[in-house]
Each structure stands twice: as structure tokens, then as C-alpha cells.
Protein chains: 2
Amino acid sequence: MKSYIVLLLNALFVISFFPCFGQNPKVLFALHGGAGTILKKNMTPEKEKQYREKLEEAALEGFEVLQSGGSSITAVQAAINILEDSPLFNAGRGSVYNYEGEIENDASIMDGHSLEAGAVCGVQNIKNPINAALAVLMHSNHVMLSGSGATDFAKKHEVEFARPEWFQTEKRYNSLQKVKERLKEEQNGEKGKGSDQKDKDNSSGYNPDYLDFNDYKYGTVGAVALDLNGNLAAGTSTGGMTNKRFGRIGDSPVIGAGTYANNKTCAVSSTGHGEYFIRLAVAFQIAAAMEYGKMGLQEAVNVVILTKLTQLGGKGGVIALDKKGNVAMRFNTPGMYRAFVAENGEVTVKLYGEDEE
Amino acid sequence: MKSYIVLLLNALFVISFFPCFGQNPKVLFALHGGAGTILKKNMTPEKEKQYREKLEEAALEGFEVLQSGGSSITAVQAAINILEDSPLFNAGRGSVYNYEGEIENDASIMDGHSLEAGAVCGVQNIKNPINAALAVLMHSNHVMLSGSGATDFAKKHEVEFARPEWFQTEKRYNSLQKVKERLKEEQNGEKGKGSDQKDKDNSSGYNPDYLDFNDYKYGTVGAVALDLNGNLAAGTSTGGMTNKRFGRIGDSPVIGAGTYANNKTCAVSSTGHGEYFIRLAVAFQIAAAMEYGKMGLQEAVNVVILTKLTQLGGKGGVIALDKKGNVAMRFNTPGMYRAFVAENGEVTVKLYGEDEE
């Protein structure tokens, strides 16, 4: 009899380690590698293979962290590190060049359980900018650090640095030259062509026509995760916009615009024309539509991306997860590099619009 | 007969200049000068008079712009300029010092009609930082510019600069010394006293106990306006947090956190412990509670400030207006410098909690 009681107590003890017991605990992982004019006709089979393999590798890495009991924050970081280290994406290595021919990175990360967040913008030579954002989340009472101050903070907290050459790629350098040439042409007679309706300062490389699909200005990487404890997290990392100037900050390091996570609603990472995402607080707005509007994840994402963002004239997309295990990957551009790992470990990788896949 | 037709046509022509004809067009204006431990017992009659007079002057200036047919954006700018030029408030002249003993300013402004927005952060020697934010709104395709790049942009667009001495006040310098002494004491044995529960980097001057009410770390100025065309606007300007470090960006230049305006819902300017306002996207969340949750302005402000912000541990407040002419001025600190001008031109200025007024 006594041994039965001991067994029962042991069983209860073991069960107590599974906080979601009885609630069918599941882990889920999704990521994106940027949205833009990604069309099958412009892609070679070899290039497509490279993208698919790298997206799958990163997604599986995130999923494995979750399966082995790691936190959603750690999973998001691990997957983004892989995308940052790949020259294929506009984040970390392979980031775009700014007007001065330098590379400046932005990143942010948020924990849906505590609503703690960390972000860095305009940092230089940090190998994995998302790790600097995580250092801010963990070690600073601030949420958002910028410029050389943020770089100093990362140094102090032993975030890994790399030499400038590590980040540089010929592809991105050529993009910068192309943008500068186009601007020169416009200034020499074609002024106004394709420019904004207002008398805006186009030296910042705004015109979406400047770049072909390989140089999509909407490039950014991001990830969202749900871990065994039912905690959501989201993170985003980017090199920003080719030829950006004047210390431009896009949506990626802005909590509420580029990144948001709240266990009560959802985790979101954005990619797109950052200015529109800031003006609509896109990532937070999806969470708010769920909380205040009682919408499901899909409906909230559709309202914000397909209606609000599109009506304002913004381009881009998001990936989002909720606690119930729903996933949404929505964009109003021709394509978005994206991957999703289901509960059973099955990976789905897509690059184009649903009709081209 | 013919002359009657001419008269009628003339009348219609005149009426067409009043877009709100038949809808009882009204103008409204509200502003804040920061929230914090503002208590009557700590205030001298002379000091109180100074604050009340400056708040009234700025509020009336904003109101007069509106009454004479100016836009809500212009009214917000005009009133904030007066608060920025006064050493009483932590914005423009009289801004707090950062860790390096320098003054760095943040500001943002948003137009509720177009959802266009402009923001600058970490700018130096710009006399009225809100004017730099407005220059971004008007002349840049970006929304948020930072550091020396933002300062260069302001120069290019002929925003007025001032010498460093213009911004400096003895009061703020003494605050910095006081904070630094307190930090030194903590590091020499009293470590952890009053600090955050987590192992956070307190060198950033987080501890709310550091500063007395004169140096309220929640100091910021902001304004919201409704103009004759029914357009809402909001703006916020600040020197940030005393002893801030590592290029810290607070909520004031973050669209969605410190500032938000949308004609469909409301205009909001925040003041408080910025990190919490970013994590909750406070300004946008109030608009979202109205849009998605079908709440009135007062209810939305109460939910976000009195419930959400307070539960997370954040301190501060907001001023908000909606299109129907409702105004809300809510805070969870002992006081908030605030003023409101009603439709009939009557000004209300308050400094303390409602029970002390």
C-alpha cells in the first residue's frame, strides 16, 4: 500500500513539471526572411534552393530549441542568428548599405510572458544584432538603446562583434550604387518620376522602384515561437533600407511596430516598408484587434495587413502565432520568405504568393 | 430675382469654407508639462504661480492658433515651443543631463488626418526639438531620425539651433550630480537598495527614488488639439531621463507609445516612465481600445493608464482628446502639470491630484 502512495506522489511530482498538463502542450515556430517582389520568374533553381534550405535550417533550429524545453525567447534568438549569419538576408551579414556606405543594424525582441523587451538601433559591427537586443532585455532597465551608446552597451555585456568586412557583400554594395545612380538621374531632369506626391526628400532612397527583387528594400528577418510553458516570444533583425540616411530608424527596433508579444494575444514579427508599420503600430495593432476586438488571429492579421496597411499604401507582411497554436503568415507584396514548423515537426517553407507555390 | 440668386450663391460659397458646417465645429486644446511626485506640500506659492502661468500661456497660444483657423498640428507646435523655451520643463531649454553631462532631446508629432508622423531622437542643440520632428513629418519619407543624422536633417531644413549654454540650467545639473552620488553610494555597499528585482544595470539611473519632485524623471511636455476642420494632432517633446546612458530612447519619440493621433479615434500625448509606455504602446493602445473595443475616450484612457500601466508597474499619465470634444487627463502619479482650454476659451490649469486642487 505504502509503495503505491510513493508511486502516486512521484507521478504527481513528475506531472507538476509540465505546467500545461491536461492542456495538450504544444510548441510552434515560424520565421520570415523579408517580403517584397519575390517572383518565381526572377528566381533561378539554384538560388531558390539556397533560400529554401537556409529558411528550413533556421526554422528547425528554433523548433529543436523548443522541443528540448528551451524558452520561446531562446528559440527566436537561435533561428534569427542563423539568418543573420547568412548573406542571403538583409540582417547581420549581408545587410544593406546606408547612404554613407556603412552598415547599421536594428533589432528587437519581446517576451510575451513578462512583456519585457529589448531593442537596439543604428549599431555597428555587432555580429548578431538580435543578441544585443536580448542583452538589453536581460541587463538594462531601458528598452531601446541607439547608436554608439547601444554598441558600447553590447560590448559591456560581451555580445560578439565582427570586423566590418564580415558584414559586407558585393550584392548589397551594387544595390547601393544602383540606387545612387537612379537618384542622380532623377535629379538631372527626371525629378518627380515615381516620387512621392508630397515634396519629400527622396535622397533617402524611398522609391520602391529603385530595387529589383534581389535587393528588396523590405528585407528583414524575424521569428515567433510558442514554448512548452505556453510562453510566446517575437524578434526581428534588419540592416534597414538601402541608402538610408539621417540616422533613419525603421519599424524593426520599434516595439509595437516591428515586434510584439503578449501571452494573452499573440506574437508578431513584421517586415516591410517600416514607416507605414510605425504609423499603424502594426505588430501591436494585431494584438489589440484580438484583445479589444475579440478577433481570432487570422482575422486580426487580415484586418491589419490586407485592409489597414494596404489602404494606407504600405507594403510588407507579418508572421504571427497565438497561444492556441494558430499561425498566420500574411503579406500584400508578391512574396515573403517564410517557414513554419508544425507541432509534429513538419516544416513548410514558402517564398512566393500562394498561387505560385 | 437675379440678385437673390447671386446672394444665395455667395452664401453657399461662404458656407463651403466651413467644412464642419451643421456639425457644430469646435476647437479644443490640452497640454501637459510632465507627471510625477508633484505635491502641494513641496511647492512654494511663487513656484506654483510660475508653473500655472506658463502652462496657461502655452495653452492659450495653442487655442488661439486653432481659433484663428490654424491647423491642429500648428497649434500643438506653437504651445510646445513655449514649454520648450521655458526652463521649468524637461524639454528644450531646461532639459535634463545625460550620463555624459550632455543634453539630448527627443520629440515626435502626428497628424490624425493623414496619419503622417515625424520623430527625432538623441538630437543636440536644436532649440525646439518638436520643430525638427515636424520637419521630418513634412520633408522626409522617413518617420524617425536619430542622433547626428537627425541633427543634420534639421540643419538642412533650416530648423533653429541654439548654443549648448542655452539649454543648460543649474537645477538640472544639480540633479545629475545628485543621481551620480546616489549611484556611487549604492555601488559602495548599499547595492540593491531600491533597485529593480532583476539584476539590471542601474547605471542608467532607473531608481525612481533618485530624484525629488523638482527633478521628476517623468518630465516631458506634450499637447493635443482639435481644429476647425475636425482634425486631431498630438506632439511630445522631452530631454529624457536624468543620467540616461547608452543612447537610451524613451517613449516620447516613439509613435504609438509617446504620441498618437487618428481622426477616427483620438489624439494622445504621454508622459511617464517611458519604458513601460513603449512595452504597452500606451498612446496607440488608447486609440485601439476605442476603435476595436468600442470604448469612449474616458473609458479607454482609464483602462490603459489606471489598469494596464498600473498593473505592469509603470508610472505616468496622458492627455487625450477625441473628435467629439471629449478630453481626458489621467495619471497614476501624485500629480501632472496640465492645462485644458474648453470650446468657449476657458482655461483650466492643474498641477496636483484632483483632491489637492
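This one's a predicted model, so the numbers in the text were calculated from it and none came from an experiment.

Peer 1: What exactly am I supposed to notice about the packing of aromatic side chains here?
Peer 2: What characterises a pair of aromatic rings is the spacing of the ring centres plus the angle enclosed by the ring planes. Counting across every chain of the model gives 15 aromatic pairs over all chains. Each ring, one from Tyr51(B) and one from Phe89(B), has its centre 5.5 Å from the other, and the planes form 80°; the classification is edge-to-face. Pair noted here: Tyr51(B) is in helix α2 (residues 45-67) and Phe89(B) is in the loop between α3 (72-85) and β2 (105-111), with a separation of 38 residues, a long-range link. Residue Tyr51(B) is classed as buried on the basis of its relative accessible area of 0%. An aromatic cluster is built from Tyr260(A), Phe284(A), Tyr260(B) and Phe284(B), whose rings are joined through pairwise contacts. Here Arg93(A) stacks its cationic end above the ring of Trp166(A), 5.4 Å away from the centre of that ring. The lysine or arginine in question, Lys180(B), covers the ring of Tyr99(B), its NZ or CZ lying 3.9 Å from the ring centre.

Peer 1: Please explain the relation of the copies chain B and chain A as it appears in this structure.
Peer 2: The operation linking the two copies of the chain is a rotation about an axis combined with a translation along the axis. The two copies are related by a screw operation: chain B maps onto chain A through 180° of rotation and 0.0 Å of translation along the axis, at an RMSD of 0.0 Å. What we have between these two chains is a two-fold relation. By residue overlap, the copies meet face to face through one surface: 100% of the interface positions of chain B are interface positions in chain A.

Peer 1: Honestly, the packing of helix α9 (residues 282-291) of chain B against helix α10 (residues 297-312) of chain B in this entry has me stumped. Any pointers?
Peer 2: Angle between the axes and distance between the axes: these two values describe a pair of packed helices. Residues and elements named next belong to chain B. Two elements in contact, α9 and α10, have axes whose closest approach is 8 Å; the angle formed by their N-to-C orientations is 135°. With respect to α10, the axis of α9 lies oblique. Like other packed secondary-structure pairs, α9 and α10 cross with a definite hand, here right-handed. Between α9 and α10, the contacting residues are Val-282, Gln-285, Ile-286, Ala-289 and Met-290 on the first element and Leu-297, Ala-300, Val-301, Val-304, Ile-305 and Lys-308 on the second. Here the residues of the contact of α9 with α10 are counted per class, giving nine nonpolar, one polar and one charged.

What counts as what
Residues numbered from 1 in each chain as written. Chains lettered and ligands numbered in written order. Predicted model: local features only at pLDDT ≥ 70, side-chain atom pairs only at ≥ 80, totals over all residues. Heavy atoms only, no water. Phe/Tyr/Trp six-rings, centres within 6.5 Å; stacked < 30°, edge-to-face > 60°. Helix = DSSP H or I, 4+ residues; strand = E, 2+ residues; numbered from the N terminus. Buried < 20%, exposed > 50% of the residue type's maximum accessible area, 1.4 Å probe, protein only. Lys NZ or Arg CZ within 6 Å of the ring centre and 35° of its normal. Least-squares fit on C-alpha atoms with pLDDT ≥ 70 in both. Contact = heavy atoms within 4.5 Å. Axes fitted to C-alpha atoms, helices over the stretch in contact; angles between N-to-C directions. Parallel < 35°, antiparallel > 145°, perpendicular 65-115°, else oblique. Left-handed = near helix turned anticlockwise from the far one by under 90°. Nonpolar A, V, L, I, M, F, W, Y, C, P; charged D, E, K, R; others polar.

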